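# Structural description and commentary
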Amino acid sequence: MSGHPAGPVTAPGTADVELAIGGMTCASCAARIEKKLNRMDGVEATVNYATEKAKVTFGGGVSVEDLIATVEATGYTARPPAPPAQDARAAQPEDEGGDELADLRQRLLTALVLSVPVVAMAMVPPLQFANWQWLSLVLAAPVVIYAGWPFHRAAWTNARHGAATMDTLISVGTAAAFLWSVWALFFGTAGMPGMTHPFEFTIARSDGAGNIYLEAAAGVTTFILAGRYFEARSKRKAGAALRALMELGAKEVTVLRGGREVTVPTAELRVGDRFLVRPGEKIATDGTVVEGASAVDASMLTGESVPVEVAVGDTVTGATLNAGGRLVVEATRVGADTQLARMAKLVEDAQNGKASAQRLADRISAVFVPVVIALALGTLGFWLGSGEGMSAAFTAAVAVLIIACPCALGLATPTALMVGTGRGAQLGILIKGPEVLENTRKADTIVLDKTGTVTTGRMTLLKVHTADSTDEAEVLRLAGALENASEHPIARAVAAGAAERTGDLAAPEDFANVPGLGVQGVVDGHAVLVGREKLLAQWAMELPEPLRRAKDEAEAAGRTAITVAWDGEARAVLEVADAVKDTSAEAIRRLRGLGLTPVLLTGDNEAVARSVAAEVGIDAEHVIAEVMPEDKVEVVRKLQAEGRSVAMVGDGVNDAAALAQADLGLAMGTGTDAAIEAGDLTLVRGDLRAAADAIRLSRRTLATIKGNLFWAFAYNVAALPLAALGYLNPMIAGAAMAFSSVFVVGNSLRLRGFKAA
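Residues numbered from 1 in each chain as written. Predicted model: local features only at pLDDT ≥ 70, side-chain atom pairs only at ≥ 80, totals over all residues. Heavy atoms only, no water.

### A closer look at the side chain of T701
Summarising the element assignment, T701 is placed in helix α26 (residues 689–724). What makes T701 buried here is its relative accessible area of 0%. Excluding its chain neighbours within four sequence positions, the residues that come into contact with T701 are A416, L417, G420, L437 and L751. (Helix = DSSP H or I, 4+ residues; strand = E, 2+ residues; numbered from the N terminus. Buried < 20%, exposed > 50% of the residue type's maximum accessible area, 1.4 Å probe, protein only. Contact = heavy atoms within 4.5 Å.)

This is the structure:
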């Protein structure tokens, strides 16, 4: 996780490969594959359960085929994945169309429809008509055998490799309950017409020949299958960040060939091709401007809030937006070499490098399962040795296995997540999955992107400085009218601010755009200039001392200063900048209150960053400015290498890789899809205060899940001695399961009362 280099750094004679791993059912599967690969000479591997990929550095005569063979010998499948660009474009959208997900959904629906009547008949004596037990068997058999097959298959794989997980516990418990019920029906007294489960909680020894546990087998399978289905559904989103990144690029491009304009798919562009970019279009690929001048909005890639002026000879980046004039660009990088594709690779590397959260249930199972199996065998041996007979001995041993399989465990995480995420959605917070919650508890540092996160992300007219005897309203009326005719993003900010304060703007006459300097024209009979100081100098106009001071102070604070003149005289200086959100300072206070150290990270210049930090209350030593996207990932890695657990809040494409690398990624819902998909939590409102609420809610939800897991085991563990002593009747087993389930659901429902601060 922390401390990994930005790209694969391989020693001489070694190579890197990424393998797509199939067949993993829990985090301990990933740990087992990793262990086996790392035992090979010259192999270093990390396996990520969430993305289902293994990142392997290998040498010393080991081949990719050897790596695949090792994974397959461990009981899983492996194959080299497609390149990221193909992956992203070929992958299905999030439509639940994956084979694994469709299969799980089918099994879950089958289990749900068939198990409800089985549980109802077992728990409600009036429903127990003559021969009801045989109908229960017919309904429960497909649930245990077909719907529960993934658990049995995984348990068998685990057993072959000497491991035990939740799957082992589920498989052994449900199989024991089912097989014992079949034995009691066919060879015991449970199959007799008129047999009932009396609704009584007596503790008395029985030989088990008249007891069936079909409702336990069917109910446990259904509950845990539901949990597995929702987990698999959220896991499919692992590749969505890459898809969102690749979708950002232009799909078609107008290429100049033989003096003609030809529209072709972007994939057909070659290095050296010249292509046309009209105002409002995305630049198709990285290149150099060979004709024209314009302002390019690169904020989504660089985080720089001010549009970049480009002219002949300047470089431009694919997927950025041409906000001004017509450009002809010569392609210098295409396909996987472009900055966008490299960022997609950064996101993928960060996702693969992130340590997968070990599931608490699996960690408990690794100890709990062998203990329970040993206890069951011990119980069998004790009763056989005491001369109680085969039937009584098997009853007690199987009862131990049945009661040890906690059906509430299947509800513990899904119910808390369902209620917690539901409450979060009402508050504008979307939580992606259980592993996210563990990281919110550990986070001690929060890295905040500036543009669009702490600030609004759009240029805003902040201040108007006027010369003596000049009216502010008149400045706004004349400058706003002229800027309203321009497409430049800074001009749009001035026009919007002027219209807001003075009302409708007049239409200018003789409007002209002066490339790189500003605009000029006639408004209400006045010859007006709006732009850089150089534009005024061309007309032999100088700024009076108060306006020069205001301009210098604005620029020192990292703001854009625009001069306004008319009728041969400099009249005003306008300050335009990316405005700080009203709620940001309060949000920083709340984050500090949760024990987090805020760090401001931006692609903007140092002056802008320090000005914003001072306004919201972030210490100057925690400001990191003028960083490129790959540097953002490096900053997060550096903080992690210092032993910090890093949360990151961002909204742009340039934040996607850093969000994926961070221990906890919080994406602003007002930002790009790439950032949202790379994050672990999404803040729908785009209000930074929601970050503090999200961390509080996540921590509360995690505490609830842990409480649920404890009680899911506790009720069943408490009943283990009764089972071992042969005192467990079906109603006590059913009641222990039902009560633990009710308790877990009730505990989860308490999350509905969570309130935003």
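### So, the pairing of strand β20 (residues 560–566)
When you tally the buried positions in β20, you get seven out of seven residues, the bulk of the element. Of the two faces of β20, the one lined by T560, I562, V564 and W566 and the one lined by A561, T563 and A565 are each fully buried. For strand β19 (residues 526–531) and β20, the ladder comprises four bridges, and the chain directions are antiparallel. The partner of L529 across the bridge, within β20, is A565. The hairpin formed by β20 and strand β21 (residues 569–580) contains two residues between the paired strands, and D567 there has a positive phi angle of roughly 50 degrees. (Pairing = 2+ DSSP bridges.)

### Examining unusual backbone geometry
The phi dihedral of D510 is positive, around 50 degrees, even though this residue is not glycine. Mapped onto the elements of the fold, D510 is located in strand β17 (residues 509–514). Taking relative accessible area as the criterion, D510 reaches 63% and is therefore assigned exposed. Notably, E626 is not glycine yet its phi reads approximately 55 degrees, a positive angle. Residue position: E626 is located in the loop between β23 (623–624) and α23 (629–641).

### Considering the sheet that holds β19
Spatially, six strands are ordered β16-β21-β20-β19-β18-β17 in an open sheet, and the strand pairing comes out antiparallel. Because the sheet does not close on itself, it has two edges, and the strands there are β16 (455–466) and β17. Each adjacent strand pair in this sheet contributes to an overall mean axis angle of 20 degrees, direction not counted. This element, helix α18 (residues 489–502), spans β16, β20 and β21 of the sheet and lies at about 65 degrees to β16. (Axes fitted to C-alpha atoms, helices over the stretch in contact; angles between N-to-C directions.)

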